[in-house]
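What follows is the residue order along each chain.
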Amino acid sequence: DRSVRVAVSGIGLVTPLGVGREKTWSRLIAGETGITAVEDGLMAPVPEPVTDETGVRPLDLALTAAREALIHAGFEGDGVRRLTVGCAISQSKPFLPNPPKPVSFLDMFDGRLLPVSVGRTLSFSGPFQNVVAACATGVASIDLGTFWIQSGVCDAVLTGAAGIQFSPALQSRF
């Protein structure tokens, strides 16, 4: 039913400017950038708090942002377990190589498992879907979430996008 109104009620961010929407926003409006120069071009670094000695883990980045968004939306504790919650978190370039040193099966995924991993970790009961639309991935995920809510498939949907670039060569392709 297209007459059902859908709103974004929580935001979570993990960006080169920091972890969290408040930190990212304050640094952004202060004129800071997350882009740094590297030997082969420009690349945004991954924030330190969600990395470890084994390297970047896309699932950790997604879970950090997802948990912040859920708290911001008022879904603390078991609140989401009473609802049918879907997950449309997408990686904009899921078929490109991921980190060279994966630490587990979930870290070796090609992006298609990201919403499944996040949804299962957070005990969601709705559908899980990765939407690949390059630079429009985030908007496409929100559109899918809106469709699921308006169709009665879900009560709520966690949507988002991950644009994780692990090398200047990958970054330069898009």
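Note: the structure precedes this text.
Described in the following lines is the structure provided in the data block. (Residues numbered from 1 in each chain as written. Predicted model: local features only at pLDDT ≥ 70, side-chain atom pairs only at ≥ 80, totals over all residues. Heavy atoms only, no water.)

1. Quick word on the pattern of salt bridges
With the rule as written, the count across this model stands at 2 salt bridges. Of the charged contacts in the structure, one is a salt bridge between glutamate 68 and arginine 21, with a shortest N-O distance of 2.9 Å. Linking glutamate 68 in helix α2 (residues 58-72) with arginine 21 in helix α1 (residues 21-29), this pair joins segments that are 47 residues apart in sequence. Its relative accessible area of 18% is what places glutamate 68 among the buried residues. What makes arginine 21 partly exposed here is its relative accessible area of 21%. Across the pair arginine 27 and glutamate 32 runs a salt bridge, and its minimum N-O distance is 2.7 Å. Judged by its relative accessible area of 26%, arginine 27 falls in the partly exposed class. (Salt bridge = Lys/Arg side-chain N within 4 Å of Asp/Glu carboxyl O. Helix = DSSP H or I, 4+ residues; strand = E, 2+ residues; numbered from the N terminus. Buried < 20%, exposed > 50% of the residue type's maximum accessible area, 1.4 Å probe, protein only.)

2. Comments concerning helix α3 (residues 114-121)
Of all 8 residues in α3, 6 are buried; the element is thus mostly enclosed. The set of residues buried in α3 consists of Leu114, Pro115, Val116, Ser117, Val118 and Gly119. On its buried side, α3 packs onto α2, β7 (85-91) and β8 (156-162). Backbone geometry just downstream of α3 places serine 123 in the positive-phi region, at approximately 60°. (Contact = heavy atoms within 4.5 Å.)

3. Here we look at unusual backbone geometry
With a phi angle near 60°, serine 123 is a residue other than glycine that sits in the positive phi range. On the secondary structure map, serine 123 appears in the loop between α3 and α4 (137-150).

Interpretation note: all reported values are geometric properties and have no functional meaning in isolation.
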